[in-house]
Amino acid sequence: MNKLIIIGAGGHGKVIADNALKNGYTDICFVDDHATGEVMGFPIIGTSADIPKLDDGKTDFIIGIGNNAVRKMIAEKYGVHWVRLIHPSAQIAACVTVGCGTVVMAGAVINACATVGAHCIINTRAVIEHDNIIDNYAHISPNATLGGTVHVGERTHIGIGATVINNIEVCENCVVGAGAAVVKNMRESGTYAGVPARKIK
Ligand SMILES: CC(C)(COP(=O)(O)OP(=O)(O)OC[C@H]1O[C@@H](n2cnc3c(N)ncnc32)[C@H](O)[C@@H]1OP(=O)(O)O)[C@@H](O)C(=O)NCCC(=O)NCCS
(Lines give C-alpha, C1' and ligand atoms only; values in the text may rest on other atoms or scores of the structure.)
Protein backbone atom coordinates (compact mmCIF):
# COMPACT_ATOMS: atom_id res chain seq x y z
CA MET A 1 0.00 0.00 0.00
CA ASN A 2 1.34 3.44 -0.89
CA LYS A 3 1.82 6.22 1.59
CA LEU A 4 -1.17 8.62 1.73
CA ILE A 5 -0.84 12.37 2.20
CA ILE A 6 -4.03 14.19 3.20
CA ILE A 7 -4.01 17.91 2.36
CA GLY A 8 -5.78 19.65 5.24
CA ALA A 9 -5.70 18.46 8.86
CA GLY A 10 -9.09 19.83 10.00
CA GLY A 11 -12.33 17.99 10.68
CA HIS A 12 -12.87 16.77 7.13
CA GLY A 13 -9.25 15.62 6.97
CA LYS A 14 -9.80 13.55 10.11
CA VAL A 15 -12.81 11.75 8.61
CA ILE A 16 -10.74 11.06 5.51
CA ALA A 17 -7.95 9.63 7.69
CA ASP A 18 -10.42 7.20 9.24
CA ASN A 19 -11.75 6.30 5.78
CA ALA A 20 -8.16 5.69 4.63
CA LEU A 21 -7.49 3.39 7.60
CA LYS A 22 -10.59 1.38 6.69
CA ASN A 23 -9.20 1.12 3.15
CA GLY A 24 -5.96 -0.39 4.42
CA TYR A 25 -3.62 2.60 4.41
CA THR A 26 -1.17 2.44 7.31
CA ASP A 27 1.32 5.13 6.32
CA ILE A 28 -0.82 8.28 6.58
CA CYS A 29 0.27 11.87 7.09
CA PHE A 30 -1.04 15.38 6.60
CA VAL A 31 0.11 18.67 5.16
CA ASP A 32 -1.56 21.81 6.45
CA ASP A 33 -0.85 25.53 5.97
CA HIS A 34 -1.95 26.48 9.48
CA ALA A 35 -1.31 23.53 11.81
CA THR A 36 1.74 21.60 12.98
CA GLY A 37 2.32 18.56 15.17
CA GLU A 38 0.05 15.58 14.72
CA VAL A 39 -3.61 14.71 14.25
CA MET A 40 -5.06 11.35 15.36
CA GLY A 41 -1.48 10.18 15.80
CA PHE A 42 -0.58 11.00 12.17
CA PRO A 43 2.17 13.61 11.64
CA ILE A 44 1.72 16.93 9.86
CA ILE A 45 4.84 16.85 7.69
CA GLY A 46 4.68 20.23 5.98
CA THR A 47 2.51 22.74 4.15
CA SER A 48 0.96 22.78 0.70
CA ALA A 49 4.16 24.42 -0.59
CA ASP A 50 5.94 21.13 0.15
CA ILE A 51 3.63 19.03 -2.06
CA PRO A 52 5.92 19.00 -5.14
CA LYS A 53 8.88 17.70 -3.15
CA LEU A 54 6.74 15.14 -1.28
CA ASP A 55 5.53 13.73 -4.61
CA ASP A 56 7.95 10.83 -5.11
CA GLY A 57 5.76 8.93 -7.60
CA LYS A 58 4.83 6.32 -4.97
CA THR A 59 2.64 8.48 -2.76
CA ASP A 60 -1.14 8.90 -3.01
CA PHE A 61 -2.73 12.26 -2.29
CA ILE A 62 -6.23 13.38 -1.33
CA ILE A 63 -7.63 16.78 -0.39
CA GLY A 64 -9.19 16.95 3.09
CA ILE A 65 -10.70 20.41 2.70
CA GLY A 66 -14.47 20.91 2.63
CA ASN A 67 -14.47 24.22 0.74
CA ASN A 68 -15.28 23.32 -2.86
CA ALA A 69 -13.46 26.26 -4.45
CA VAL A 70 -10.30 25.60 -2.43
CA ARG A 71 -10.40 21.91 -3.37
CA LYS A 72 -10.64 22.87 -7.04
CA MET A 73 -7.74 25.32 -6.75
CA ILE A 74 -5.48 22.71 -5.11
CA ALA A 75 -6.47 19.92 -7.51
CA GLU A 76 -5.69 22.10 -10.52
CA LYS A 77 -2.40 23.30 -9.08
CA TYR A 78 -0.73 19.97 -8.31
CA GLY A 79 -0.34 17.09 -10.78
CA VAL A 80 0.01 14.37 -8.15
CA HIS A 81 -1.63 10.95 -7.95
CA TRP A 82 -5.11 11.70 -6.58
CA VAL A 83 -6.85 8.66 -5.11
CA ARG A 84 -10.54 8.06 -4.53
CA LEU A 85 -11.54 6.68 -1.14
CA ILE A 86 -14.76 4.73 -0.72
CA HIS A 87 -15.65 3.72 2.84
CA PRO A 88 -16.29 -0.05 3.07
CA SER A 89 -19.78 0.59 4.49
CA ALA A 90 -20.83 2.71 1.49
CA GLN A 91 -23.11 1.03 -1.05
CA ILE A 92 -22.02 1.56 -4.64
CA ALA A 93 -24.42 0.07 -7.20
CA ALA A 94 -23.69 -1.34 -10.64
CA CYS A 95 -22.67 1.02 -13.44
CA VAL A 96 -21.61 3.79 -11.07
CA THR A 97 -18.47 5.80 -11.78
CA VAL A 98 -16.61 7.78 -9.14
CA GLY A 99 -13.91 10.23 -10.19
CA CYS A 100 -10.37 10.56 -8.85
CA GLY A 101 -9.91 12.47 -5.62
CA THR A 102 -13.50 11.85 -4.54
CA VAL A 103 -14.32 10.60 -1.05
CA VAL A 104 -17.41 8.53 -0.28
CA MET A 105 -18.03 8.43 3.46
CA ALA A 106 -19.55 5.85 5.78
CA GLY A 107 -23.06 4.66 4.97
CA ALA A 108 -23.44 6.65 1.76
CA VAL A 109 -25.48 5.06 -1.03
CA ILE A 110 -24.79 5.72 -4.71
CA ASN A 111 -27.38 3.96 -6.79
CA ALA A 112 -27.32 2.45 -10.27
CA CYS A 113 -25.82 4.34 -13.18
CA ALA A 114 -24.92 7.46 -11.20
CA THR A 115 -21.84 9.39 -12.25
CA VAL A 116 -19.82 11.20 -9.59
CA GLY A 117 -17.06 13.51 -10.78
CA ALA A 118 -13.58 14.24 -9.47
CA HIS A 119 -12.74 15.69 -6.03
CA CYS A 120 -16.32 15.45 -4.80
CA ILE A 121 -17.40 14.73 -1.23
CA ILE A 122 -20.24 12.25 -0.84
CA ASN A 123 -20.60 12.64 2.87
CA THR A 124 -21.84 10.37 5.65
CA ARG A 125 -25.12 8.61 4.80
CA ALA A 126 -25.82 10.78 1.76
CA VAL A 127 -28.11 9.13 -0.80
CA ILE A 128 -27.38 9.65 -4.50
CA GLU A 129 -30.14 7.92 -6.42
CA HIS A 130 -29.99 6.28 -9.85
CA ASP A 131 -28.76 8.19 -12.89
CA ASN A 132 -27.56 11.23 -10.95
CA ILE A 133 -24.74 13.28 -12.40
CA ILE A 134 -22.62 14.97 -9.76
CA ASP A 135 -20.09 17.33 -11.33
CA ASN A 136 -16.52 17.88 -10.13
CA TYR A 137 -15.86 19.50 -6.72
CA ALA A 138 -19.46 19.13 -5.51
CA HIS A 139 -20.20 18.30 -1.88
CA ILE A 140 -23.27 16.30 -0.90
CA SER A 141 -23.51 16.72 2.88
CA PRO A 142 -24.40 14.13 5.52
CA ASN A 143 -27.90 12.74 5.19
CA ALA A 144 -28.71 14.73 2.06
CA THR A 145 -30.92 12.80 -0.35
CA LEU A 146 -30.99 13.26 -4.11
CA GLY A 147 -33.84 11.57 -6.00
CA GLY A 148 -33.29 9.88 -9.35
CA THR A 149 -31.78 11.71 -12.33
CA VAL A 150 -30.67 14.80 -10.42
CA HIS A 151 -27.81 16.85 -11.87
CA VAL A 152 -25.61 18.77 -9.43
CA GLY A 153 -23.26 21.31 -10.99
CA GLU A 154 -19.59 21.92 -10.36
CA ARG A 155 -18.66 23.24 -6.86
CA THR A 156 -22.25 23.08 -5.64
CA HIS A 157 -22.79 22.26 -1.97
CA ILE A 158 -25.96 20.42 -0.98
CA GLY A 159 -26.40 21.07 2.76
CA ILE A 160 -26.84 18.63 5.57
CA GLY A 161 -30.16 16.79 5.44
CA ALA A 162 -31.35 18.59 2.30
CA THR A 163 -33.63 16.80 -0.16
CA VAL A 164 -33.69 17.22 -3.93
CA ILE A 165 -36.63 15.62 -5.72
CA ASN A 166 -36.09 13.58 -8.86
CA ASN A 167 -35.28 15.08 -12.28
CA ILE A 168 -33.94 18.37 -10.88
CA GLU A 169 -30.99 20.44 -12.15
CA VAL A 170 -28.98 22.36 -9.57
CA CYS A 171 -26.51 24.53 -11.47
CA GLU A 172 -22.87 25.16 -10.65
CA ASN A 173 -21.67 27.07 -7.62
CA CYS A 174 -24.85 26.91 -5.55
CA VAL A 175 -25.24 26.38 -1.81
CA VAL A 176 -28.39 24.55 -0.78
CA GLY A 177 -29.07 25.15 2.91
CA ALA A 178 -29.37 22.51 5.60
CA GLY A 179 -32.76 20.82 5.55
CA ALA A 180 -33.90 22.48 2.32
CA ALA A 181 -36.33 20.78 -0.07
CA VAL A 182 -35.44 21.49 -3.68
CA VAL A 183 -38.48 21.03 -5.90
CA LYS A 184 -37.62 23.28 -8.86
CA ASN A 185 -34.57 23.60 -11.10
CA MET A 186 -31.94 26.03 -9.86
CA ARG A 187 -30.53 27.71 -12.95
CA GLU A 188 -28.81 30.64 -11.20
CA SER A 189 -25.79 30.28 -8.90
CA GLY A 190 -26.45 31.45 -5.34
CA THR A 191 -27.63 30.38 -1.90
CA TYR A 192 -30.98 28.65 -1.53
CA ALA A 193 -32.75 27.61 1.67
CA GLY A 194 -36.08 26.53 3.09
CA VAL A 195 -38.96 24.21 2.31
CA PRO A 196 -39.53 24.61 -0.56
CA ALA A 197 -36.07 26.04 -1.26
CA ARG A 198 -35.91 29.68 -2.39
CA LYS A 199 -32.97 31.90 -3.32
CA ILE A 200 -31.84 33.90 -0.26
CA LYS A 201 -28.54 35.30 -1.63
C1 LIG B 1 -28.04 28.39 3.92
C2 LIG B 1 -26.74 28.83 4.54
C3 LIG B 1 -25.57 28.55 3.58
C4 LIG B 1 -26.85 30.31 4.80
O5 LIG B 1 -25.72 30.75 5.46
P6 LIG B 1 -25.41 32.34 5.49
O7 LIG B 1 -25.14 32.76 4.08
O8 LIG B 1 -24.33 32.55 6.48
O9 LIG B 1 -26.79 32.98 5.90
P10 LIG B 1 -27.29 33.50 7.31
O11 LIG B 1 -26.90 32.57 8.41
O12 LIG B 1 -26.88 34.93 7.39
O13 LIG B 1 -28.88 33.39 7.15
C14 LIG B 1 -29.61 34.23 6.26
C15 LIG B 1 -31.08 33.98 6.51
O16 LIG B 1 -31.40 32.65 6.04
C17 LIG B 1 -31.94 31.86 7.11
N18 LIG B 1 -31.37 30.53 6.98
C19 LIG B 1 -30.06 30.17 7.06
N20 LIG B 1 -29.91 28.86 6.85
C21 LIG B 1 -31.13 28.37 6.64
C22 LIG B 1 -31.60 27.06 6.38
N23 LIG B 1 -30.76 26.02 6.28
N24 LIG B 1 -32.94 26.89 6.21
C25 LIG B 1 -33.79 27.95 6.31
N26 LIG B 1 -33.39 29.22 6.54
C27 LIG B 1 -32.08 29.42 6.71
C28 LIG B 1 -31.46 32.54 8.38
O29 LIG B 1 -32.32 32.25 9.46
C30 LIG B 1 -31.50 33.99 7.97
O31 LIG B 1 -32.83 34.45 8.02
P32 LIG B 1 -33.19 35.94 8.50
O33 LIG B 1 -32.55 36.85 7.50
O34 LIG B 1 -34.68 35.97 8.44
O35 LIG B 1 -32.61 36.08 9.87
C36 LIG B 1 -26.42 28.04 5.87
O37 LIG B 1 -27.24 28.47 6.95
C38 LIG B 1 -26.57 26.54 5.72
O39 LIG B 1 -27.65 25.96 5.87
N40 LIG B 1 -25.41 25.90 5.41
C41 LIG B 1 -25.33 24.49 5.23
C42 LIG B 1 -24.30 23.93 6.20
C43 LIG B 1 -24.08 22.45 6.01
O44 LIG B 1 -24.91 21.73 5.51
N45 LIG B 1 -22.90 22.01 6.39
C46 LIG B 1 -22.55 20.63 6.22
C47 LIG B 1 -21.14 20.41 6.66
S48 LIG B 1 -20.67 18.75 6.50
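In the block above lies the structure referred to throughout.
Below or above, wherever it landed, is the structure these notes cover. Treat the numbers as computed from the prediction; the structure is a model and nothing was measured. (Residues numbered from 1 in each chain as written. Predicted model: local features only at pLDDT ≥ 70, side-chain atom pairs only at ≥ 80, totals over all residues. Heavy atoms only, no water.)

### So, the state of the cysteines
A complete count under the given rule lists zero disulfides for this structure. Between C29, a cysteine without a disulfide, and C100, which holds the nearest cysteine sulfur, the sulfur-to-sulfur distance is 20 Å. (Disulfide = S-S within 2.5 Å.)

### Observations regarding the site of the ligand
In the region of the ligand, 15 residues are neighbours, and G159, I160, G177, A178 and K201 sit closest. Here A178 contributes a backbone N or O atom positioned 2.8 Å from an oxygen atom of the ligand. Between the ligand and K201, the relevant distance is 2.7 Å, taken from an oxygen atom to a side-chain nitrogen or oxygen of the residue. In isolation the ligand offers 910 Å² of accessible surface; the protein chains occlude 40% of this area. Class assignment for the residues of the shell around the ligand results in six nonpolar, eight polar and one charged. (Near = heavy atom within 4 Å. Polar contact = N/O pair within 3.5 Å; in protein donor to acceptor, adjacent residues only side chain to side chain. Areas by Shrake-Rupley, 256 points an atom, 1.4 Å probe, with all protein chains shown as cover. Nonpolar A, V, L, I, M, F, W, Y, C, P; charged D, E, K, R; others polar.)

### Looking at the pattern of salt bridges
Side chains that differ in sign of charge can pair as their charged atoms come close. On inspection of all chains with the given rule, the structure shows six salt bridges. The partner of K22 in a salt bridge is D18, and the shortest N-O contact between them spans 2.8 Å. Of this pair, K22 and D18 both sit in helix α1 (residues 11-22), four residues apart, roughly one helical turn. The exposure class assigned to D18 is partly exposed, which follows from its relative accessible area of 28%. Notably, a salt bridge pairs K199 with E188, separated by 3.7 Å at the nearest N-O pair. (Salt bridge = Lys/Arg side-chain N within 4 Å of Asp/Glu carboxyl O. Helix = DSSP H or I, 4+ residues; strand = E, 2+ residues; numbered from the N terminus. Buried < 20%, exposed > 50% of the residue type's maximum accessible area, 1.4 Å probe, protein only.)

### Let's talk about the sheet that holds strand β8 (residues 97-98)
Either a parallel or an antiparallel arrangement is found when strands of a sheet pair, and the pairing is made through backbone hydrogen bonds. Overall, parallel pairing links the five strands, which are arranged β8-β11-β14-β17-β20 in an open sheet. Each of the sheet's edge strands pairs with one partner strand only, and the pair in question is β8 and β20 (169-170). The sheet contact formed by strand β11 (residues 115-116) and strand β14 (residues 133-134) spans two bridges and is parallel. Across the sheet, the residue bridging to T115 is I133, located in β14. (Pairing = 2+ DSSP bridges.)

### Some remarks on the environment of H157
Mapped onto the elements, H157 comes out in strand β18 (residues 157-158). Through-space distance from the C-alpha of H157 to that of V80 is 25 Å; in sequence the pair is 77 residues apart. Not counting the four nearest positions on each side in its chain, H157 is found in contact with N68, H139, S141, C174, V175 and V176. Within polar-contact distance, the side chain of H157 engages the side chain of S141 at 2.7 Å. (Contact = heavy atoms within 4.5 Å.)

### Description of the sheet that holds strand β21 (residues 174-176)
Taken in spatial order, the eight strands make up an open sheet running β6-β9-β12-β15-β18-β21-β23-β24, and their pairing is mixed. Looking at the sheet topology across the chains shown, the edges are occupied by β6 (85-86) and β24 (198-199).

### Considering unusual backbone geometry
A cis geometry characterises the amide bond from V195 onward to P196, with omega recorded as -5°. The phi dihedral of R125 is positive, around 60°, even though this residue is not glycine. Turning to its location among the elements, R125 is positioned in the loop between β12 (121-122) and β13 (127-128). By relative accessible area, which is 54% here, R125 ends up exposed.

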